[in-house]
Amino acid sequence: MDWRAKVELFEEIRREYEFGAGTIAGIARKLGVHRRTVREAIGSALPKPRKRTERPRWKLASAAAFVDGILEADRKAPRKQRHTAHRIWERMRLEFPECEVCERTIRLYVRKRKIALGLVVHETFVPQSYDWGVEAQVDWYEAYADVAGERTKLQVFAMRSMASGAAFHCAFAHATQQAFLEAHELAFCFFRGVFRKLRYDNLTAAVKKIFQGYRRDETARFIAFRSHWRFQSEFCTPAEAHEKGGVEGEAGYFRRNHWVPVPKASDLTDLNQQLLAACHRDEERWISGRDQSIGAALLVEREHLLPLATERMDLAWTSFPAVNSLGCVKVLTNCYSVPLPAGTQVQAKVYARFVELWHEGRCVARHERCYGRHQQVLDLEHYLDVLSRKPGAMAGSRPLEQQRRAGLWPDSFDQIWQSLMMRHGKQTGTREMVELLKLTRSFGQERLRLAIETALETGCTDAAAVQHLLQAEDLSRPTCEAIDIGALERYGRPMPVMNEYDNLLTMGGAR
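Reference entry: report on the structure contained in this document. (Residues numbered from 1 in each chain as written. Predicted model: local features only at pLDDT ≥ 70, side-chain atom pairs only at ≥ 80, totals over all residues. Heavy atoms only, no water.)

## Quick word on the pairing of strand β5 (residues 207-210)
Stated formally: The pairing criterion for strands is at least two bridges between them, as found by DSSP. Note on conventions: DSSP H or I runs of at least 4 residues are helices, E runs of at least 2 residues are strands, and numbering of each starts at the N terminus.
Strand direction decides the pairing type here: β5 and strand β6 (residues 216-218), joined by 3 bridges, are antiparallel. Following the sheet pairing, Val207 is matched in β6 by Glu218. Between the end of β5 and the start of β6, which pair antiparallel, lie 5 residues, with Gly213 showing a positive phi angle near 80 degrees.

Below is the structure:
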């Protein structure tokens, strides 16, 4: 019998005792209950809690020592590599097949023993209060998205205001230091100001070494970034994630509500636009115990934030490699092509998504950042001058292969290349194809593709014709409208007559 039904029964017994039968035996006969129940109801309107009797577990007795030994050994094991109750039960099935104990019995015993051994500690936490614009918490978490039709594992940056509850989320392919700093700037722009204090895990992008207590050996770049944006940093105790529980809970809420179902996007830029829209939708949410929505609280908090820096900080990781004999520079174990002679020293700037190569104050090459190791990232355009002198190397070149894989080499390019080689021979035809590819520097690849397709449609496969089609758009003359000449008609003269000249010709022929 449940608690409510038993309380109602006690009420009926007490009413019968006072206004009805009046005797314990009579009430017991009338209601069909034991006399002890009647006496208990008369004594108190609330039933006594049911006693729980500990029954001996005969089946578990033979394996209790084995379970206790495992739990004792777990004291010295790494925290995340200790036995669970399910794992202990699986080991028992293999090592003690004669001990037929169900998994629930093992779970109850393991929980009881863990509490007794101090392996499970129930801590008490103190609620905190936060002033406007003072503290935000920062963290990374993992999530999956279908980017360009492929399921991709992403690292998501989250910054949550502790006063208003507003949060910013942004996804990156990898949680590098450049991505970490770039995400901070995007978050500051989202909040339209800078918090006075940010709380972190001991992530490697900011911390090189952890000392005893609160002291940390921070990276020089993070110190410079912190100085530029004028905020203070605090780092949590290792393995104590509750010290930044606000952003931990925010990551879980955001993943459950905006990463389910798995989002689909054409690229990371598209995905981050979706995440930004989700952040704005969350501003309509009300946090339990607060008297205004997140968006309303954020409007109040923005007035208390530090103003944004007047200029951005260069977030790139910088090195100064030299161009090798393959026309590449080595940056973080990977090689990137550059259109400069071998031996030239360049400045490499590594960002979260791109690698820029600078020489004499100008950017000479820009590649998408490769996160592999010992890879080559090549651009065919950087090798066109070399291929003009060595046309035989073009057909089997790796830059051409990478351009084909990236979908930047349309079929029309192969068609006109084959036509040029059939007309002028392999060497000369490839040189003319290289000269056509050089036109992308002035007109862009899309216009070159359209000009080549137009030439192929008209049956013309000459390089000069393609160049003419490209330049025709620039050299086309504007059409002129017809106007009335009016008074200029009085200057009109009749056409001359050549009769006298004809007579002279006739006289000359007679002689």
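## Brief notes about the sheet that holds strand β12 (residues 347-350)
Within a beta sheet, neighbouring strands are joined by backbone hydrogen bonds and run either parallel or antiparallel to one another. Heads up, the rule is: Axis definition: a line fit to C-alpha positions, over the contact stretch in the case of helices; interaxial angles, taken between N-to-C directions, run 0 to 180 degrees.
Taken in spatial order, the 4 strands of this open sheet run β9-β12-β13-β14, and their pairing is antiparallel. Because the sheet does not close on itself, it has two edges, and the strands there are β9 (317-319) and β14 (362-368). Averaged over all pairs of adjacent strands, the angle between strand axes in this sheet comes to 20 degrees, irrespective of strand direction. The sheet contact formed by β12 and strand β13 (residues 354-359) spans 4 bridges and is antiparallel. When the sheet's bridge partners are listed, Ala348 is paired in β13 with Leu357.

## Notes on the pattern of salt bridges
This is how the line gets drawn: A carboxyl oxygen of Asp or Glu within 4 Å of a side-chain nitrogen of Lys or Arg is what we treat as a salt bridge. Working definition: with a 1.4 Å probe on protein chains only, accessible area under 20% of the residue-type maximum means buried, over 50% means exposed, and in between means partly exposed.
Per the stated rule, a full pass over the model turns up 31 salt bridges. Here Lys153 ties to Glu142 by a salt bridge, and the two come within 3.4 Å at their closest N and O atoms. One end of the pair, Lys153, is in strand β2 (residues 150-161); the other, Glu142, is in strand β1 (residues 135-147), and 11 residues separate them in sequence. Judged by its relative accessible area of 41%, Lys153 falls in the partly exposed class.

## Points about the packing of helix α6 (residues 85-95) against helix α7 (residues 103-117)
Here is the rule: Roughly parallel means an angle under 35 degrees; roughly antiparallel means over 145; roughly perpendicular covers 65 to 115; every other angle is labelled oblique. What makes a crossing left-handed is the near helix being turned counterclockwise from the far one by less than a right angle; a clockwise turn instead makes it right-handed. Throughout, a contact is declared for two residues whenever any of their heavy atoms are within 4.5 Å. The classification used treats Ala, Val, Leu, Ile, Met, Phe, Trp, Tyr, Cys and Pro as nonpolar, Asp, Glu, Lys and Arg as charged, and all other residues, Gly among them, as polar.
Two numbers describe how α6 lies on α7: the axes approach to 9 Å, and their chain directions differ by 125 degrees. Of the possible angle classes, the one that applies to α6 and α7 is oblique. Note on packing geometry: the crossing formed by α6 with α7 is right-handed. Here Ala85, His86, Ile88, Trp89 and Met92 of α6 lie close against α7, whose contacting residues are Glu103, Ile106, Arg107 and Val110. Broken down by class, the residue content of the contact of α6 with α7 amounts to 6 nonpolar, 1 polar and 2 charged.

## Digging into the state of the cysteines
To keep things clear, this is the line we draw: When two cysteine sulfur atoms lie within 2.5 Å, the pair is treated as a disulfide.
On inspection of all chains with the given rule, the structure shows 0 disulfides. For Cys170, which is in no disulfide, the shortest distance to another cysteine sulfur is to Cys279 and amounts to 9.0 Å. The cysteine Cys363 is free of any disulfide, with Cys328 supplying the nearest cysteine sulfur at 16 Å.

## Describing a nonpolar patch on the surface
We count it as follows: Only residues above 30% relative accessible area that lack a salt bridge enter a patch, with like-charged residues linked at up to 9 Å and the nonpolar side chains Val, Leu, Ile, Met, Phe, Trp and Tyr linked at up to 5 Å. Using the Shrake-Rupley algorithm and a 1.4 Å probe, accessible areas are obtained, with residue cover drawn only from the displayed protein chains.
A cluster of nonpolar side chains, contributed by Met498, Tyr501, Leu504 and Leu505, occupies part of the molecular surface with about 450 Å² of accessible area. Considering the arrangement of structural elements, one finds Leu504 in helix α20 (residues 499-510).

## As for the sheet that holds strand β10 (residues 328-331)
The sheet built from 3 strands is open, its strands ordered β10-β11-β15 with mixed pairing. Where the open sheet ends on each side, the last strands, each with one partner, are β10 and β15 (376-377). With 2 bridges connecting them, strand β11 (residues 334-337) and β15 associate as parallel partners. Bridge pairing links Tyr336 to Val377 in β15.

## Details of the nonpolar core
Put simply, the rule is: Nonpolar core, defined: a set of buried Ala, Val, Leu, Ile, Met, Phe, Trp, Tyr and Cys residues in which side-chain atoms within 4.5 Å join the residues together.
The biggest cluster of nonpolar side chains holds 57 residues, and the ones touching the most others in it are Phe157, Met159, Phe180, Phe191, Tyr200, Phe231 and Trp259. With 8 residues, the top contributor of residues to this core is helix α8 (residues 177-191). The residues touching Phe157, leaving out its near neighbours within four places in the chain, are Val138, Asp139, Trp140, Phe168, His169, Cys170, Phe180, Ala183, His184 and Ala187. Judged by nonpolar contacts, the second largest core, of 28 residues, contains Leu420, Met421, Leu439 and Ile452.

## With respect to the pairing of β11
Looking along a regular strand, one sees side chains alternate from face to face of the sheet. Neither face of β11 is open: one carries Asn334 and Tyr336, the other Cys335 and Ser337, and all of them are buried. Joining the antiparallel neighbours β10 and β11 is a turn of 2 residues, in which Leu332 adopts a positive phi near 50 degrees.

## Some details on the side chain of Arg369
Defined as follows: Residues scored as positive are Lys and Arg, those scored as negative are Asp and Glu, and His as well as the terminal groups of each chain are ignored. Identification of polar contacts relies on pairs of N or O atoms within 3.5 Å, with a donor-acceptor requirement for protein atoms, meaning one able to donate a hydrogen and the other able to accept it, and with residues adjacent in sequence counted only if both atoms are side-chain atoms.
Relative to the helices and strands, Arg369 is located in the loop between β14 and β15. Comment: no salt bridge for buried Arg369; closest opposite-charge side chain is Glu182, at 8.4 Å. A polar atom in the side chain of Arg369 sits 3.2 Å from the side chain of Gln178.

## Digging into the packing of α8 against helix α9 (residues 220-229)
Packing of α8 against α9 brings their axes to within 11 Å, and their N-to-C directions diverge by 10 degrees. Taken as axis vectors, α8 and α9 run roughly parallel relative to one another. For the pair α8 and α9, the contacting residues are Gln177, Phe180, Leu181, His184, Glu185 and Phe188 in the first and Arg221, Phe222, Phe225 and Trp229 in the second. For the contact of α8 with α9, the per-class residue count stands at 6 nonpolar, 2 polar and 2 charged.

## Considering helix α11 (residues 268-281)
What counts is decided by this rule: What a helix should span is 1.5 Å times the count of its residues minus one. This arc is built from the directions going out from the helix axis to the C-beta atoms.
Its 14 residues give α11 an end-to-end C-alpha distance of 20 Å, which sits within 8% of 20 Å, the value for a rise of 1.5 Å per residue. Along α11, the residues that are buried comprise Leu268, Leu271, Asn272, Leu275, Ala278 and Cys279. Seen end-on, α11 carries its buried residues on one side only, within an arc spanning 110 degrees. Where the residues of α11 are buried, they touch β1, β2, β3 (167-172), α8, α10 (245-258) and β8 (264-265). N-capping of α11 is provided by Asp267, with a side-chain oxygen placed 3.3 Å from the backbone N of Thr269.

## Digging into the environment of Thr204
On the secondary structure map, Thr204 appears in the loop between β4 (197-200) and β5. Separated by 141 residues in sequence, Thr204 and Ala63 have C-alpha atoms that sit 45 Å apart.

## A short note on the packing of aromatic side chains
For clarity, the cut-off: What counts as a ring pair is set by centres within 6.5 Å for rings of Phe, Tyr and Trp (its six-membered ring), and what kind of pair is set by the plane angle: stacked under 30 degrees, edge-to-face over 60, tilted for all other angles.
Throughout the structure, instances matching the rule amount to 19 aromatic pairs. Between Phe168 and Phe190, the ring centres sit 5.5 Å apart and the planes meet at 40 degrees, which makes this aromatic pair tilted. On the criterion of sequence distance, the pair formed by Phe168 in strand β3 and Phe190 in helix α8 is long-range, its members being 22 residues apart. Overall, the relative accessible area of 7% leaves Phe190 in the buried class. With 6.3 Å between their ring centres and 50 degrees between their planes, Phe225 and Trp229 make a pair best called tilted. One end of the pair is Phe225 and the other is Trp229, both in helix α9 and 4 residues apart, which spans about a single turn.

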